[in-house]
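# Observations on the three-dimensional arrangement
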Amino acid sequence: MVAPLPTTPETKSPHRAGYVALCGRPNVGKSTLLNALVGAELAIASSQPQTTRQRLLGMWSTDEIQAILVDTPGIHRARSALNRYMVDEAVRGASDVDLVLFLAEAPVLEDQTTAEAWTPGEGALAALEAVAGLRAPIALVITKVDRIAERSLLLPVIAKLARLHDFAAVLPVAATTGEGMEALRAEITRHLPEGPALYDPEQLSDRDLRWHAGERVREAIFRFLGEELPYSCAVTVESYREQQRPPKDIVRATVHVERESQKPMVIGKGGQTIRKISSTAREAFAAFTGRACDLFLTVKVTRNWTREPELMKKLGYHQPVGGDS
Ligand SMILES: Nc1nc2c(ncn2[C@@H]2O[C@H](COP(=O)(O)OP(=O)(O)O)[C@@H](O)[C@H]2O)c(=O)[nH]1
Ligand SMILES: [Mg+2]
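Heads up: these notes are all about the structure in this document. (Residues numbered from 1 in each chain as written. Chains lettered and ligands numbered in written order. Predicted model: local features only at pLDDT ≥ 70, side-chain atom pairs only at ≥ 80, totals over all residues. Heavy atoms only, no water.)

Moving on, we get to the site of ligand 1. The immediate surroundings of ligand 1 are formed by 17 residues, with Asn27, Lys30, Thr32, Lys144 and Asp146 found nearest. In this structure, Ser31 approaches ligand 1 through a main-chain N or O atom, which is 3.0 Å from an oxygen atom. Contact between ligand 1 and Lys144: an oxygen atom at 2.9 Å from a side-chain N or O atom of the residue. In isolation ligand 1 exposes 580 Å². Once the protein is present, 83% of that is buried. Tallied by class, the residues present in the shell around ligand 1 amount to five nonpolar, eight polar and four charged. (Near = heavy atom within 4 Å. Polar contact = N/O pair within 3.5 Å; in protein donor to acceptor, adjacent residues only side chain to side chain. Areas by Shrake-Rupley, 256 points an atom, 1.4 Å probe, with all protein chains shown as cover. Nonpolar A, V, L, I, M, F, W, Y, C, P; charged D, E, K, R; others polar.)

This is the structure in C-alpha cells:
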C-alpha cells in the first residue's frame, strides 16, 4: 500500500486590514489618488485648491486585504472658521492610522539647472510638520510625475524631499496614468496589520448616497463658478428619494451662498449657470450610481456661513461627536 502524500499546509498569507491617511497641501492630488486606489470616482477633485472639505473613507478591498483610505482636506494656513475646520479634519483624519501617505507634487522642471535649484516650499514643510508627530509611519508619495518628461530631473527633488523626514518609503506616482501605482499598493499592503475586513468588501465608501449627491453639486460649482465663489458655497441635500418605476433617484438640494450679491452669480443670466451646474451634477451622480437621476436645485443666502461655526454645523460641517476618527 502506498502511504498518502502528506498534505501541504495552506500557505495563503493571513488577511490584513487597516487605515491609511492621504495628507498634504491642497491640490497635490489626494482625492485623485484615492479614486485611483479604490477604482471609483468617490472623492471630488478639481483644479482649484481646497475642494475637499470633509474626511471621506474609501475602501480598497481584495481577497487578501482591505485598506481603508482616508481622504483629507489639504493642510494649509487657516483663517476663517471653515478653513480651521478643514485643517482640523485633515489632522484628525490622520491620527490613529496604520500608515500616513504624505503627498507632495512633482514640480514642473525644465532642465537640470532648475531641478538642482529646486527647494521644498514653505507650505509643504508646514504640512509635513503637522503630521510628523503622529504615531504612524509616513511614506512620501511624489505625485503628478507624468508632468515631467525627463524623469531623471526628479532625482535631485526626490533627494531633497527624502531628507525632510525618516520616511518609510519614497514613491513617485501618477494617478492619472497609473505609473508607480503597483509599488504604492505594495507599500500600503506591507503596513496593514493582520485582521479581518472592517467593512463589507462590497462597500466603497463610508458616506451615503445623499452625501455623494451633494458632493457632485459642489464639484460642478467648482467647475462653473470661477475662482472665488465656490469657497462661499455649501450644498445641503433636502430630500433623496429612490423611485422604483422607472428606477430613478429624485434629489432636492440647496446651494447656500454667503451674501445676497452672490445669488445672481450662481443663478446666471436667465438661470443658465445654475442649469449647467444642475445638469453636470445630475450626469455625474447618475454615472456614479448607475441609475437615472432628477436633480432640483434652489439657491439660498445663508449669511456669513463660513465664519459662523453654528451655521457651518447646520450645513453639515460639524466636528464628529466624540471624535470618531
Ligand atoms: N497631471 C496630473 N494631474 C493630476 C494628477 N493627480 C491629480 N491631478 C490634478 O491635480 C488637481 C488637484 O487634484 P485633487 O485630487 O483635487 O487634489 P487634492 O486637493 O489634493 O485632493 C486636479 O486638477 C487633478 O486633475 C496626476 O497624477 N497627474
Ligand atoms: Mg481633495
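Only Ser31 (OG) and Thr52 (OG1) from the protein reach the magnesium ion (ligand 2) as donors, at distances of 2.0 to 2.2 Å. Remark: Thr52 occurs in the loop between helix H1 (30–38) and strand E2 (56–61) and Ser31 occurs in helix H1; sequence separation between them is 21 residues. A relative accessible area of 13% places Thr52 in the buried class. (Donors = N, O, S within 2.8 Å, 3.2 Å for Na, K, Ca; no water. Helix = DSSP H or I, 4+ residues; strand = E, 2+ residues; numbered from the N terminus. Buried < 20%, exposed > 50% of the residue type's maximum accessible area, 1.4 Å probe, protein only.)

The subject of this paragraph is the pattern of salt bridges. Under the defined criterion, the tally for this structure stands at 10 salt bridges. A salt bridge links Lys313 to Glu310, with the nearest nitrogen and oxygen atoms 3.6 Å apart. In this pair, Lys313 and Glu310 both sit in helix H10 (residues 309–314), three residues apart, roughly one turn of the helix. Linked through salt bridges whose partners overlap, the residues forming this network are Glu105, Lys144 and Arg147. (Salt bridge = Lys/Arg side-chain N within 4 Å of Asp/Glu carboxyl O.)

Any functional reading would require information that these geometric values do not contain.
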